[in-house]
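Understanding the architecture of this molecule
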Amino acid sequence: MKISGLFKVSLVASALVLAGCGGDIKVTPTVNDNSVNNSNNTTNNSGNPTDPTPDPGGKVNPCTKRTVAGNEVQGEFVAPHCVYSTNFAGKTLEIEEDITFAALENGGAHVFDGAIQMGKDCNTTQNCTIDTNGPTLNIEAGTTLAFRSGEAIIRIGRGAKINAVGTAEKPITFTSANVYSEFDIAQTGPQFADWGGIIINGFGLTNQCTNAERAANTCNATSEGITSHFGGKNNADSSGTIKFANIWYAGSGPREGGDGDDLNSLTLNAVGSGSKFDYLHIHQGFDDGIEFFGGAANIKHIVVTDTQDDAIDIDAGWQGNAQFIYVQHGTVTTKKDVTYTDEGEQKTIPAGSVGYMGNNGFETDGQKGKGDDYSEVPASNPTIANVTVVTTDGKSIRDNSASQAAKFDDAIEGMYYNALFVKAEGANGTDCLEFKKESAEEKAVAGKLMFNNSVMACVNHFKGGETFASGGSKAEWFTNNASSQILDSAEGVLAANGFATNTASTEVTIQANNLSGLDLSFFDQVDYIGAVSDKESSSTWYKWVEKSLAAIK
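Let us look at the structure shown here. All figures in this text were calculated on a predicted structure; none of them were measured in a lab.

Digging into the environment of Leu145
Residue placement: Leu145 occurs in strand β11 (residues 144-147). Dropping the residues within four chain positions of it, Leu145 is found in contact with Phe101, His110, Phe112, Ile116, Ile139, Ile154, Thr173, Phe174 and Thr175.

Brief notes about the pairing of strand β14 (residues 172-176)
Burial runs high along β14: five of the five residues are buried. Sheet topology places β11 next to β14; four bridges connect them, and they run parallel. Along β14, the bridge assignment pairs Ala146 with Thr175. As judged from the three bridges shared by β14 and strand β18 (residues 240-248), these two strands associate in the parallel manner. Directly across from Thr173, in β18, lies its bridge partner Asn246.

Looking at helix α2 (residues 438-445)
Each α-helix winds once per 3.6 residues, and so residues spaced three or four apart point in a common direction. Of the positions making up α2, those classed as buried are Ala440, Glu441, Lys443 and Ala444. What you see down the axis of α2 is that its buried residues fit within an arc of 160°, all on one side. Exposed residues pointing more than 90 degrees away from the buried face of α2 are listed as Glu442 and Val445. Packed against the buried residues of α2 are β31 (404-409), β33 (433-435), β34 (449-452) and α3 (474-479). One or two steps after α2, the chain reaches Gly447, where phi turns positive at roughly 80°.

Some words on the state of the cysteines
For the structure on display, the rule yields four disulfides. A sulfur-sulfur separation of 2.1 Å characterises the disulfide bridge that pairs Cys209 with Cys219. Between Cys209 and Cys219 the disulfide shows an S-S torsion of about 80°. By sign, it is right-handed. Placement of Cys209 in the loop between β15 (197-201) and α1 (211-215) and of Cys219 in the loop between α1 and β16 (221-222) is noted, with a sequence separation of ten residues between them. Per residue, the accessibility class of Cys209 equals that of Cys219, and both read buried. Note on cysteine connectivity: Cys432 is disulfide-linked to Cys458, with sulfurs 2.1 Å apart.

Topic: unusual backbone geometry
Residue Ala79 is joined to Pro80 through a cis peptide bond whose omega torsion reads 5°. Tracing the backbone shows Pro80 in the loop between β5 (76-78) and β6 (81-84). Even without a glycine there, the phi angle at Ala316 is positive, about 65°. With respect to the helices and strands, Ala316 occurs in the loop between β23 (312-315) and β24 (321-328). For Ala316, a relative accessible area of 0% gives the class buried. The phi dihedral of Asn480 is positive, around 50°, even though this residue is not glycine.

Section: the environment of Lys436
The topology assignment puts Lys436 in the loop between β33 and α2. Since its relative accessible area comes to 48%, Lys436 is described here as partly exposed. A sequence separation of 71 residues divides Lys436 from Asp365, and the C-alpha atoms of the two residues are 9.9 Å apart. Not counting residues within four places of it along the chain, the set of residues in contact with Lys436 comprises Lys407, Phe408 and Asp409.

Observations regarding helix α4 (residues 540-551)
For α4, built from twelve residues, the straight-helix expectation of 16 Å at 1.5 Å per residue is met to within 8% by its first-to-last C-alpha distance of 16 Å. Among all positions of α4, only Trp541, Tyr542, Trp544, Val545, Ser548, Leu549 and Ala551 are buried. Contacts from the buried residues of α4 go to β18, β20 (276-283), β22 (299-305) and β24.

Some details on the packing of aromatic side chains
Summed over the entire model, instances satisfying the criterion amount to 30 aromatic pairs. Relative to Phe112, the ring of Tyr84 has its centre 4.8 Å away and its plane inclined at 10°; by these criteria the two rings are stacked. With Tyr84 in strand β6 and Phe112 in strand β8 (residues 110-112), the pair connects residues that are 28 residues apart, well separated along the chain. Phe112 matches Tyr84 in its accessibility class, with the two residues each being buried. Measuring from centroid to centroid gives 4.6 Å for Phe192 and Phe286, while their planes differ by 5°, and the two rings are stacked. Residue Phe192 is located in the loop between β14 and β15, and its partner Phe286 is located in the loop between β20 and β21 (290-293); the two are separated by 94 residues in the primary sequence. For Phe192, a relative accessible area of 2% translates into the label buried.

Focus: the side chain of Asn201
Note on placement: Asn201 falls in strand β15. Judged by relative accessible area, Asn201 falls into the buried class, the value being 1%. A distance of 3.5 Å separates a polar side-chain atom of Asn201 from the backbone oxygen of His229. At 2.9 Å, the side chain of Asn201 and the side chain of Asn269 are in polar contact. If near-sequence neighbours (up to four positions away) are discounted, Asn201 is found in contact with Arg155, Ile156, Gly157, Arg158, Ser223, Ser228, His229, Phe230, Ser239 and Asn269.

A look at the nonpolar core
Ranked by internal contacts, the top residues of the largest apolar core, which has 78 residues, are Phe174, Phe408 and Trp477. Apart from the residues lying within four places of it in its own chain, the contact partners of Phe408 are Thr364, Tyr416, Leu433, Glu434, Phe435, Lys436, Lys437, Ala440, Leu449, Phe451 and Trp477. Core analysis: the next-biggest nonpolar cluster, separate from the first, contains 35 residues, Ala385, Ala457, Leu494 and Leu515 among them.

What to know about the environment of Leu449
Within the element layout of this structure, Leu449 appears in strand β34. If near-sequence neighbours (up to four positions away) are discounted, Leu449 is found in contact with Phe408, Ile412, Glu413, Gly414, Tyr416, Phe435, Ala440, Lys443, Ala444 and Trp477.

How each quantity is defined
Residues numbered from 1 in each chain as written. Predicted model: local features only at pLDDT ≥ 70, side-chain atom pairs only at ≥ 80, totals over all residues. Heavy atoms only, no water. Helix = DSSP H or I, 4+ residues; strand = E, 2+ residues; numbered from the N terminus. Contact = heavy atoms within 4.5 Å. Buried < 20%, exposed > 50% of the residue type's maximum accessible area, 1.4 Å probe, protein only. Pairing = 2+ DSSP bridges. Arc of directions from axis to C-beta. Disulfide = S-S within 2.5 Å. Expected span 1.5 Å × (residues − 1). Phe/Tyr/Trp six-rings, centres within 6.5 Å; stacked < 30°, edge-to-face > 60°. Polar contact = N/O pair within 3.5 Å; in protein donor to acceptor, adjacent residues only side chain to side chain. Core = buried A, V, L, I, M, F, W, Y, C linked by side-chain atoms within 4.5 Å.

Following this line, the structure appears as structure tokens:
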């Protein structure tokens with residue numbers, strides 16, 4: 001896969017070809033100790049990235065600096081990049097002051113050996129206090145942050161914020177350091193699980209905490225992957241903004257905690273609706289693209305391509321909104337050996353293996369409670385509009401699970417409008433929709449999980465048969481009094497570009513919902529089904545999808 005136009009690599013690696021994507025593999029990442037010993041780490045100069053400091057050789061050092069244990073520490077400028085050892089940021093260091101990363105000239109990146117942890121993590125049962133006005137991680141438009149370790153994450157603690165606002169022309173990029181040949185020691189190029197991804201912990205509601213814990217201010221739900229704590233009482237809380245950004249090659253498969261203990265490309269743990277996530281491209285993550293654990297964060301203009309597990313994973317009482325979500329599953333050729341655990345058995349996928357990426361466009365769970373009283377937080381109940389999920393007929397390389405448009409589990413609720421699900425082939429028996437548990441079927445039958453003005457254009461429709469356990473018809477549920485439509489093929493539903501809805505399709509005979517009945521402070525009114533209209537090729541959203549897909553070819 002080549003990256004063209006999104007960011008330029010260094011002068012040493014001015015042309016870069018990246019492979020296509022795919023694979024859901026159970027990986028236990030290792031920390032690569034690539035720390036750079038540099039005589040320029042500690043300086044007596046003050047300033048910020050826009051007030052560069054000359055290094056001992058007379059060159060200007062544009063790298064960010066901060067104070068650690070009373071000493072000023074600055075990244076080493078290895079032109080055109082800034083390199084930060086674990087003395088600057090790592091798993092044993094928590095950053096408690098505002099910090100800013102600016103765009104570097106000549107395609108340079110800020111390259112990290114370790115994790116960036118903003119704010120102090122606090123379990124309030126252990127004699128600590130959360131700083132509700134914590135530090136902010138500022139990332140300016142056009143900036144690239146690259147990571148060299150499977151456990152290098154960005155963690156935004158409760159009370160801290162991220163302010164990463166790019167533009168359509170100058171997006172922010174979070175990626176693998178292996179994009180750059182000078183950091184790609186094995187010369188494999190970038191691949192899923194090269195770094196850990198972004199974890200944001202908020203003060204929102206999650207049914208991982210009981211009512212009693214919230215009342216006592218002891219809600220401390222534990223994050224997956226790398227332990228930190230989240231949760232509280234405020235679904236309107238703000239953890240900041242990520243807008244016009246790429247998140248590439250992140251995540252991990254199940255770690256020592258077993259299945260479900262994963263790192264996603266973007267994890268939103270009880271993040272409130274005051275936060276903003278808009279115009280994101282998530283590519284080749286090794287677990288989920290975006291996973292919600294409660295909260296009420298909203299997402300808009302999201303592209304997820306070739307992510308191993310689920311594009312959007314909903315759990316623990318998420319109450320947010322989503323509009324304009326484009327998901328595409330694909331394949332990948334592995335560039336290095338990948339070791340994973342399958343039901344306790346260690347397995348290795350050798351370099352050069354070709355496999356599918358993508359389990360579900362949406363995996364949706366209503367509850368993740370402890371069995372105690374968590375009734376203050378109802379089951380997940382999002383409102384989702386204008387979605388396109390393009391699936392494959394393959395099974396993912398990590399867990400041999402099928403590519404599906406959506407899976408419903410654990411008493412999930414929710415309303416979908418103008419969804420378009422596409423499965424062009426089904427010779428391997430892969431299906432479009434799955435109900436994993438009867439509790440989800442019960443919600444559907446009761447009208448609490450519904451599709452409106454949507455199209456299922458799939459060769460195979462429902463996994464596990466055409467009827468609910470109660471005897472009702474799944475097809476009748478989906479078509480919802482003829483407001484939605486089921487087709488037996490994907491022919492004609494997408495435009496020639498392969499991603500936009502073909503608004504002139506003769507196969508689709510239903511009308512879009514204009515969404516006038518929804519909250520128009522968030523939802524845009526539309527006249528088409530699916531994520532992208534073929535009539536809006538000049539819009540910022542159309543161009544964002546087009547640019548994202550061009551980057552992975």
